[in-house]
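# Geometric and topological summary
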Amino acid sequence: METPILATIDQPADLKKRSLPELTQLADELRHVLLNKVSQTGGHVGPNLGVVELTIAFHTIFDSPVDKVVWDVSHQAYTHKILTGRKQAWLDPAHYDDVSGYTAPEESPHDYFNIGHTSTSIALATGVVVARDIEGKTGNVMAVIGDGSLSGGLALEGLNIAATLKSNLIILVNDNGMAIAEDHGGIYQNLRELRESNGTSSHNLFKDFGLDYRYVENGNDLETMLTAFKAVKDIDHPIVLHVHTEKGHGYQPAIDNKEAFHWHVPFDLASGATLHPNTGETYTDVIHATLEDELAAETPITAITAAVPGTYDLKQFGRKHPHRYFDVGIAEQESITFAAGQAQQGLRPIVFHSGTFLQRAYDQLSHDLGINKLPVTIMVAGGRINAGDPTHQGIFDVAMLSNIPNLTYLAPTTKEELRAMMHWALHQNNGPVAIRVPSNDVQSAPLQDFDALKMHTVHMGRQVALMGVGSIFPLAATVQQQLAAHGIDATLIDPRDISDPDTATLAQLKNGHQLVVTIEEASLSGGFGEKVSRYYGDSEMRVLNFGAAKRFNDRETTTELKHEFQLTPEQIVTAITAQLAQK
């Protein structure tokens, strides 16, 4: 498909010269380029297809960057980026990696925050409004928030403050009836009632906050959105513009499979089929088998997620056991405290999370679970060094969770350990247990001498002891093999408990070992290796720690990051032999 209109759009001002038919054609062109790229690279499909018209309308009616738009999550800002001078990142494969998948101030004056997590835009916008007014500046401020994000507590806190402001603030609620998966919670009954009544229902969450309110039924009609934005531009008080859109609009596979196409790996554009599906056993399969075993044994488990059921295929569990499955929506805090209440009353809840979202519940993890020593099990996915955006990093979970008192953080290395750790967590009574689900391909080994709180010595050697945490354990095994070529018979250890290292094993290593090496796929700062180093701090034992730097990585490839962090077998072997050569 040719893109003659898009070819002439380099900045938002160029839109103002175009007629409605031309802008409508531009919407078709934009969907074409969006789909063409994400089908090759992967990315957020449905969210971006749903906001093409409202984004064109915003940049046609408003005057960015004097008028400011703050995107919640900002994974739906692809069209915004294309229209604000970054279209080559969608048009030319050589430039596909030039820009972030989220708003980024370092890229453009039209972006104001690095935003990759949810429920923040209203609160951010209220701060921008106050700064504008105190400094005597002009311009509209708009917060765009998806309906799914309204379940996050910060969104409601933002609405609460927005209602107290006395000047221009436009809160656009992009209501497509979906979070990552479908919406859950009482708020969405009210949104549905508002949609069905064309915004006239007397039950109105936003008016109850004290906010002005207008409803727009067809947010995927460009003329409708142009008219709606003209009506609220330069308004002198806060207003909610409730806009009904369709997630995945314009691409049938994304409409038919809204959850799957929220974010999708590369896919065939004609059919929507995944190009490289995983056909082997996964750790999700192991988790589900364990859940069924526990239910068969009458363990009173429940499964809780905060809007990421697809990460663990939890709807499969929900279909079998609907009264034991709970999706609380995008509300990580609620998921943890909800589980705490269940555990206090004798249930054995398991909360399923992505590690990059879990920090939103830090207070609940610490206070509601840690202080109360409640036996909640938390499955943590995505713990790894990854090539993602700075807002989606998988390296900080160890430092966060392993340092909460009374919470045990376990790192299985095989499917057998994963099953055993889940069983142990569900039957102990000492406090919460988090399990770092391995991020590599499924590993298998006979389970020997299982004790969740004690290190497993896979091989006892001498001189050097290697400790590989969780999914990076195979790297430690490879290092051991390569050290053998240097005449070094290294001890190989699976740490298992990464919150409180097994000091009995650490003490034993003082006999016959000169060097302990820890390898982890997490931030070194606050991580497992630091704990080992601290234990040996007043002894003659030397320690080398390998892991990630404490920083927000930004789209470096995983291979590049692992090389930089010296997480290749050759680099680790070189560092070990150099250390042993020192007197």
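What comes next is a walk through the structure.

Definitions and cut-offs
Residues numbered from 1 in each chain as written. Predicted model: local features only at pLDDT ≥ 70, side-chain atom pairs only at ≥ 80, totals over all residues. Heavy atoms only, no water. Axes fitted to C-alpha atoms, helices over the stretch in contact; angles between N-to-C directions. Helix = DSSP H or I, 4+ residues; strand = E, 2+ residues; numbered from the N terminus. Parallel < 35°, antiparallel > 145°, perpendicular 65-115°, else oblique. Left-handed = near helix turned anticlockwise from the far one by under 90°. Contact = heavy atoms within 4.5 Å. Pairing = 2+ DSSP bridges. Buried < 20%, exposed > 50% of the residue type's maximum accessible area, 1.4 Å probe, protein only. Arc of directions from axis to C-beta. Nonpolar A, V, L, I, M, F, W, Y, C, P; charged D, E, K, R; others polar. Core = buried A, V, L, I, M, F, W, Y, C linked by side-chain atoms within 4.5 Å. Salt bridge = Lys/Arg side-chain N within 4 Å of Asp/Glu carboxyl O.

## With respect to the packing of helix α12 (residues 283–296) against helix α18 (residues 415–427)
With their axes 10 Å apart at the nearest point, α12 and α18 run at an angle of 40° to one another. Taken together, α12 and α18 sit at an angle that is classed as oblique. Helix-helix and strand crossings are classified by hand; for α12 and α18 the assignment is right-handed. Side by side, α12 and α18 meet where Tyr283, Val286, Ile287, Ala289, Thr290, Leu291, Asp293 and Glu294 of the first sit next to Lys415, Leu418, Arg419, Met422, His423, Leu426 and His427 of the second.

## Observations concerning the sheet that holds strand β15 (residues 513–523)
If you walk across this open sheet you meet the 5 strands as β12-β14-β13-β15-β16, and the pairing is mixed. What marks the edges here is a single partner per strand, and that holds for β12 (456–459) and β16 (542–548). Ignoring strand direction, the axes of neighbouring strands in this sheet form an average angle of 25°.

## Examining helix α8 (residues 186–196)
Listed as buried for α8 are Tyr188, Asn190, Leu191 and Leu194. When α8 is viewed along its axis, its buried side chains cluster within an angular range of 155° and face the same direction. Along α8, exposed side chains directed more than 90 degrees from the buried face belong to Gly186, Gln189 and Glu196. Against the buried residues of α8 lie β3 (169–175), α9 (205–208), β4 (212–216) and β5 (238–244). Note on α8: the residue one or two positions beyond its end, Asn198, has a positive phi of about 55°.

## Things to note about the side chain of Gln342
Examined against the element boundaries, Gln342 turns out to sit in helix α15 (residues 332–344). Look at Gln342 and you get buried, because its relative accessible area is 10%. Among residues more than four places away in sequence, those in contact with Gln342 are Thr302, Ile304, Phe326, Leu347 and Pro349.

## Description of helix α3 (residues 52–61)
Within α3, 10 of the 10 residues are buried, leaving the element largely enclosed by the surrounding structure. The complete set of buried residues in α3 reads Val52, Glu53, Leu54, Thr55, Ile56, Ala57, Phe58, His59, Thr60 and Ile61.

## Structural notes on the sheet that holds β5
Read from one edge to the other, the open sheet built from 5 strands follows the order β1-β2-β3-β5-β4, with strand pairing classed as parallel. The sheet is open, and its two borders are formed by β1 (68–71) and β4, each paired with just one other strand. Strand-to-strand twist of the sheet, defined as the mean angle between neighbouring strand axes without regard to direction, takes the value 20°. Examined bridge by bridge, β4 and β5 share 5 bridges and lie parallel to one another. Of the residues in β5, the one forming a bridge with Tyr215 is His242. Lying over the sheet, α8 contacts β3, β4 and β5, oriented at roughly 75° with respect to β5.

## Remarks on the packing of helix α1 (residues 20–41) against α3
Where α1 contacts α3, the two axes come as close as 10 Å, and the packing angle between them is 125°. If you check the angle between α1 and α3, you find them oblique. In the packing of α1 onto α3, the handedness of the crossing is right-handed. Of α3, the residues touching α1 (which contributes Leu23, Leu26, Ala27, Leu30, Arg31 and Leu34) are Val52, Glu53, Ile56 and Thr60. Each residue belonging to the contact of α1 with α3 can be placed in one class, and the counts come to 7 nonpolar, 1 polar and 2 charged.

## Considering the nonpolar core
Residues Leu26, Ile56 and Phe229 are the most contacted members of the largest nonpolar core, which totals 50 residues. Among the elements that line this core, the one with the most residues is α1, at 8 residues. Contacts of Phe229, omitting those with residues within four sequence positions, involve Leu54, Ala57, Phe58, Ile61, Phe62, Met142, Leu172 and Leu241.

## Here we look at the pattern of salt bridges
If you walk through the whole model with that rule in mind, you get 22 salt bridges. The partner of Lys87 in a salt bridge is Asp10, with the nearest N and O atoms 3.1 Å apart. Taken as a pair, Lys87 in the loop between α4 (78–86) and α5 (88–91) and Asp10 in the segment before α1 lie far apart in primary sequence, 77 residues in all. The class of Asp10 is partly exposed, set by a relative accessible area of 41%. We note a salt bridge from Lys16 to Asp63, for which the minimum N-O separation is 3.3 Å. Separated by 47 residues along the polypeptide, Lys16 in the segment before α1 and Asp63 in the loop between α3 and β1 bring together distant segments of the chain. On the accessibility criterion, Lys16 (38% relative accessible area) is partly exposed.

Read these as layout, nothing more, since geometry by itself doesn't imply function.
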